[in-house]
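Topology and contacts: notes
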Amino acid sequence: MAEKEVLIEVKNLVKKYGTGEATVFALNNVSMKVYKGEFLIILGYSGSGKSTLLNMIGGIDKVDSGEIIYKQKDVTKFNDKELTNYRREAIGYIFQFFNLLSDITIYQNIVLAPSSTKDKAEIERILDGVGLLDKKDKFPRQLSGGQQQRASIARALAKTSDMLLADEPTGALDYESGKDVLKLLQKLHKEGRTIVMVTHTKEITALADRIITMKNGQIIDERQNTPIDDVDTIDW
Ligand SMILES: Nc1ncnc2c1ncn2[C@@H]1O[C@H](COP(=O)(O)OP(=O)(O)OP(=O)(O)O)[C@@H](O)[C@H]1O
Ligand SMILES: [Mg+2]
């Protein structure tokens, strides 16, 4: 098999909160890689450091020490302008609570997002792909939670990012809507997208090529997996 291409390499990341005896190591010397085209799931209990790690990879938060290597450059050394470019060009972010702007339509949420394609036909193709073409002129509040999450995935897809980072994308959804979102992410993975998804639901890891388990700010397990084909066969 051909050598897998490394997209991101995280080296010895440390992130502390608080001082003295109250110090919490959100990340305690974490090293990992993200490979191009993989579906990586980061699993762990609440407070284990999953979001902190994802936010560091996404260039959202500052590290205390360590490196994040992307295209031979260390993201942790980027100035504000470089960081903004990195966030715009390398990363598509999907949040637990969607983060859609409420006063503009679904279509506008996509076309007005930084670095988004402005090509109407392309945006409509993406909306069609997430099953929302008929909702494009609705406002977020007129959509169900699952539909809003699919809209936020469409927004992430409308820019040419190298990877999709998803933090508990099913966390705010009911069971069936959550499954729809997972099916969508699985479809995107099969189309070649690199996906890093955070969850605390063990059953969902059946979808991943690789699973990293975190505990107390550290990686305690890492394993390969043969992803299942049918999201409907998993239960949680
Ligand atoms: N802004 C902050 N200020 C202080 N402590 C923080 C902050 N953000 C995170 N922490 C602490 O860092 C640790 C890791 O938090 P993190 O949000 O990464 O966990 P998580 O695995 O994503 O949890 P969850 O599943 O609940 O989202 C926790 O102990 C948390 O309390
Ligand atoms: Mg979290």
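Residues numbered from 1 in each chain as written. Chains lettered and ligands numbered in written order. Predicted model: local features only at pLDDT ≥ 70, side-chain atom pairs only at ≥ 80, totals over all residues.

Examining the overall build of the protein
Tallying secondary structure elements over the protein gives 6 helices and 10 strands in all. Against the globule reference of 18 Å for 236 residues, the protein gives a C-alpha radius of gyration of 18 Å, in line with a compact fold. Within the protein, the fraction of its 236 residues that count as buried is 41%. Pairs at least 24 residues apart make up 70% of the contacts formed inside the protein by residues separated by at least 6 positions. (Helix = DSSP H or I, 4+ residues; strand = E, 2+ residues; numbered from the N terminus. Rg over C-alpha atoms; globule rule 2.2 N^0.38 Å. Buried ≥ 20, exposed ≤ 12 C-beta atoms within 10 Å, placed from the backbone. Contact = placed C-beta atoms within 7 Å.)

Focus on the packing of helix α5 (residues 145-157) against helix α6 (residues 175-190)
Two measures define how a pair of helices packs: the angle their axes make with one another and the distance between the axes. α6 packs onto α5 with a crossing angle of 20 degrees between their chain directions and a minimal axis gap of 9 Å. With respect to α6, the element α5 is oriented roughly parallel. Crossing angle aside, the handedness with which α5 passes α6 is right-handed. Contacts from G145, G146, Q149, R150 and I153 in α5 reach S177, D180, V181 and L184 in α6. For the contact of α5 with α6, the class distribution of residues is 3 nonpolar, 4 polar and 2 charged. (Axes fitted to C-alpha atoms, helices over the stretch in contact; angles between N-to-C directions. Parallel < 35°, antiparallel > 145°, perpendicular 65-115°, else oblique. Left-handed = near helix turned anticlockwise from the far one by under 90°. Nonpolar A, V, L, I, M, F, W, Y, C, P; charged D, E, K, R; others polar.)

A short note on the environment of L40
Within the secondary structure layout, L40 lies in strand β3 (residues 39-44). Residue L40 is classed as buried on the basis of its C-beta count, with 22 C-beta atoms lying within 10 Å. Residues L40 and V6, spaced 34 residues apart in sequence, show a C-alpha to C-alpha distance of 13 Å. If sequence neighbours within four positions are ignored, L40 has contacts with V34, I195, V196, A208, D209, R210 and I212.

Observations concerning α5
For α5, built from 13 residues, the straight-helix expectation of 18 Å at 1.5 Å per residue is met to within 8% by its first-to-last C-alpha distance of 18 Å. By the criterion of burial, α5 is predominantly enclosed, with 12 of the 13 residues buried. Of the positions making up α5, those classed as buried are G146, Q147, Q148, Q149, R150, A151, S152, I153, A154, R155, A156 and L157. Against the buried residues of α5 lie β6 (91-94), α3 (106-111), α4 (120-129), β7 (163-167) and α6. (Expected span 1.5 Å × (residues − 1).)

Focus on the site of ligand 1
Around ligand 1, a shell composed of Y17, V24, A26, G44, S46, G47, S48, G49, K50, S51, T52 and H200 is seen. Here the shell around ligand 1 is built from residues that sort into 3 nonpolar, 8 polar and 1 charged. (Near = placed C-beta within 6 Å.)

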